[in-house]
There are 2 protein chains.
Amino acid sequence: MINSKSVTVFDVARVAGVSKSTVSLVLTGSSKVSEKSREKVQKAIIDTGYIYNRDAASLRSRKSNLVAIIINDLSNPYSAQLAEGLERQIRQIGLFPILVNSGENVDTQDQLVQRLKEYKIAAFIMCPAPGTTAEWTNKLVQQGFPIIHIMREIEGANVATVLPDNIAGTSLATQHILDKGHRKIAFLGGNERISDYHQRLAGFVNTMTAHGTPPPQELCIQSETTRNGGRQAMAEVLAVEPDIEAVVCFSDVVAYGAIEHMRFHGKKPGKDIAVTGFDDLKDSRLMSPSLSTVHIDANKIGIAVCDLLSNLKNGLPTKTVIDVTFIARESG
Amino acid sequence: MINSKSVTVFDVARVAGVSKSTVSLVLTGSSKVSEKSREKVQKAIIDTGYIYNRDAASLRSRKSNLVAIIINDLSNPYSAQLAEGLERQIRQIGLFPILVNSGENVDTQDQLVQRLKEYKIAAFIMCPAPGTTAEWTNKLVQQGFPIIHIMREIEGANVATVLPDNIAGTSLATQHILDKGHRKIAFLGGNERISDYHQRLAGFVNTMTAHGTPPPQELCIQSETTRNGGRQAMAEVLAVEPDIEAVVCFSDVVAYGAIEHMRFHGKKPGKDIAVTGFDDLKDSRLMSPSLSTVHIDANKIGIAVCDLLSNLKNGLPTKTVIDVTFIARESG
DNA sequence: TATATTATATGGAACGTTCCAAAAACACGC
DNA sequence: GCGTGTTTTTGGAACGTTCCATATAATATA
């Protein structure tokens, strides 16, 4: 392959005893080719060891089946879980997903996109890094690149967006906690630079307020969305309100950290302090106590994305909200 | 971009007042083009909004700067950390890494590779899924595809392999535990279908044996390399030897699980039972107690891979062993 | 059987780039 | 100003595919 000339449609055609055009029709799965020819070609493909050259195909056809998934933070387990779901669904509809990682950095994100533009990419699926502007996004859209935002909303961006029902999610979690009789409740984690924070916080605040117990400002504590962020947030909460009864967390990872820290202070999660998460990571079901959390179905997000992929109306902002469910487990 | 004909080198050439060939020379960074021409072309590129078409370039030049990283398991935090390091280094040498996930499944892995073959890929960097055979790998190598294995060795595969010094790693950890005076020591986690298990286990067994205290079979407990695997392995250990003094774990994630489970039994990590990990995940430094572990520098692996990328001698099996360091922290 | 219709098969051009061989421009020494 | 050597520029061909318009084969219709 390095030196030797590669096998082309011409070679396959010669072996199969048909024309290169017929081979091409078989390769693209055309219906206007006889069963006999198809079989001859397919055999010849195997015999010659032919490998389809997508660069040539995409150059000529101006089509591609590559889909770029720009992950915001690979080291966040939820991102990984989401990526897996997206990958699975996208592959199912015959497209080929590739992953790149922006690391929550808006410059890296820009560089990645600039590079990816040079490949024919059928669509960019991205979880925008904090600081992504509507102008930046709209410029891309205007240039004709098909973009789908997931998980996070950028106000003013003319793109299709798929995101979970964040407000409903934390509402359900909060209501569950209230139903259990808890009153001193904190909201832990998240970062105001990202839209989902505002939404998840709103679900909490709204539900608390509707219940007649609006939460004090100092019990809504931002943090990194990492385990360590969760530990720190929990530390802050215990400093402000040592008798806290429950914590509604921005994400499962934050909840994990919060649990670690409360244990450090001798408080038992699910007994002394109720805890809920958001995301439903695989481990949340297996841990002890198992974590009550808001389940987001990564496959559903994948399916919604694929729907958009199929009939992409560029420039028309749409918003697909994926329903979530609250799963009560042992932690609260 | 969807409908309108795209801007090509010809358009740039026209605007710049040079030939398409000169534009091409500028694009490929050739030194044999005058400064004046280069500037004219660069200006024209901006003015026209030209976007380089890598499909065309790669078709003609038979070169590519795409590097596929085939991750074994995206949901494993270490894989993610490793991928980040690889990505960073590979991008630094002007190549473009894309990630795909085999999910530890050998069939998925094969499908991915078959698909990727159709794109021009400069190199395949893969952490082979369990069950990957030397025949499978060698067939690819023979077809001329440049392959680098990382983290795991496949015996008989004629590929360049980059992996951490697993034996030294667990030896260091085990010696540290012995130096602390512990004697009842178990090895937790890992799966015999993967080469690194055998190596890490060997480091443990060798060191224990050299010390005159060869470990009993029943204190070497395999498990999934997940948190939950760690929990189960710890449960097994406590069933077999309730007075266990230390656990040397296959990986940090397994150690996390083991710690969770021992706490459940009222045992304090680092006090009642010493714990060591392997990988040095970001969180291991931040948790409490912080985890003593074997540090693998993902950047070093990336650099070694890039070295191989630069002068890839296909078919000649080489083995690059990356040195590791033991980091003593609070857990043991 | 002849003709209309439909189903298949085909060769040439095109996609946007790089390679190559050759031409043009420039520099230098005499 | 002219030959010589060097640097810079250039048009045509090529990479491997798909598109398209046309040709051929097969089938139906009368």
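Let me begin by describing the structure that accompanies this report. (Residues numbered from 1 in each chain as written. Chains lettered and ligands numbered in written order. Predicted model: local features only at pLDDT ≥ 70, side-chain atom pairs only at ≥ 80, totals over all residues. Heavy atoms only, no water.)

Opposite the 52 residues of chain A that make contact, chain B presents 52 residues. Taking both sides of the interface into account, the surface hidden between chain A and chain B amounts to around 4800 Å²; carbon and sulfur atoms contribute 53%. Inspection of the region where chain A meets chain B yields 6 salt bridges. Residues Asp283 of chain A and Arg227 of chain B are paired through a salt bridge, measuring 3.9 Å at the closest nitrogen-oxygen approach. Inspection of the region where chain A meets chain B yields 15 residue pairs in polar contact (both at pLDDT 80 or more). Of all elements in the fold, only α4 (54-61), α5 (77-92), β2 (96-101), α6 (106-116), α10 (227-240), α11 (252-264) and α12 (282-286) of chain A reach the threshold of two or more residues within the side of chain A that touches chain B. (Contact = heavy atoms within 4.5 Å. Buried area = accessible area lost by both parts, 1.4 Å probe. Salt bridge = Lys/Arg side-chain N within 4 Å of Asp/Glu carboxyl O. Polar contact = N/O pair within 3.5 Å; in protein donor to acceptor, adjacent residues only side chain to side chain. Helix = DSSP H or I, 4+ residues; strand = E, 2+ residues; numbered from the N terminus.)

On to the side chain of Ser290 of chain A, then. Residue and element names in this part refer to chain A. By the element assignment, Ser290 lies in the loop between α12 and β10 (292-295). What makes Ser290 buried here is its relative accessible area of 8%. When residues no more than four places from it in sequence are discounted, the contact partners of Ser290 are Ser284, Arg285, Arg329, Glu330 and Ser331. (Buried < 20%, exposed > 50% of the residue type's maximum accessible area, 1.4 Å probe, protein only.)

Our next topic: the pairing of strand β4 (residues 147-150) of chain A. All names here are of chain A. Burial of β4 is two-sided: the residues Ile147 and His149 facing one way and the residues Ile148 and Ile150 facing the other way are all buried. By the bridge criterion, 3 bridges tie strand β3 (residues 123-126) to β4 in an arrangement that is parallel. Pairing of Phe124 across the sheet is with Ile147, part of β4. Handedness of the crossover is the feature at issue here: the chain leaves β3, passes through helix α7 (residues 134-142), returns alongside β4, and the resulting connection is right-handed. As judged from the 3 bridges shared by β4 and strand β5 (residues 160-164), these two strands associate in the parallel manner. Opposite Ile148, over in β5, you have Ala160 as the bridge partner. (Pairing = 2+ DSSP bridges. Right-handed = clockwise from strand over helix to strand, strands pointing away.)

So, about unusual backbone geometry. Put simply, Ser288 of chain A and Pro289 of chain A share a cis peptide bond, and its omega is -5°. In this structure, Met151 of chain A is a non-glycine residue whose phi angle is positive, near 70°. Relative to the assigned elements, Met151 of chain A resides in the loop between β4 and β5. Backbone geometry places Arg62 of chain B, a non-glycine residue, at a positive phi of 55°. Note that Arg62 of chain B resides in the loop between α4 (54-61) and β1 (66-71). Assessed through its relative accessible area of 43%, Arg62 of chain B is described here as partly exposed.

A few words now on the side chain of Asp252 of chain B. Residue and element names in this part refer to chain B. If you trace the backbone, Asp252 turns up in helix α11 (residues 252-264). Of the side chains with opposite charge, Arg329 comes closest to the buried, unpaired Asp252, at an N-O distance of 6.0 Å. A polar side-chain atom of Asp252 sits 3.0 Å from the main-chain amide nitrogen of Asp280. Those residues in contact with Asp252 that sit more than four places away from it in its chain are Gly277, Phe278, Asp279, Asp280, Leu281, Ser284, Leu291 and Thr293. (Lys, Arg positive; Asp, Glu negative; His and termini not counted.)

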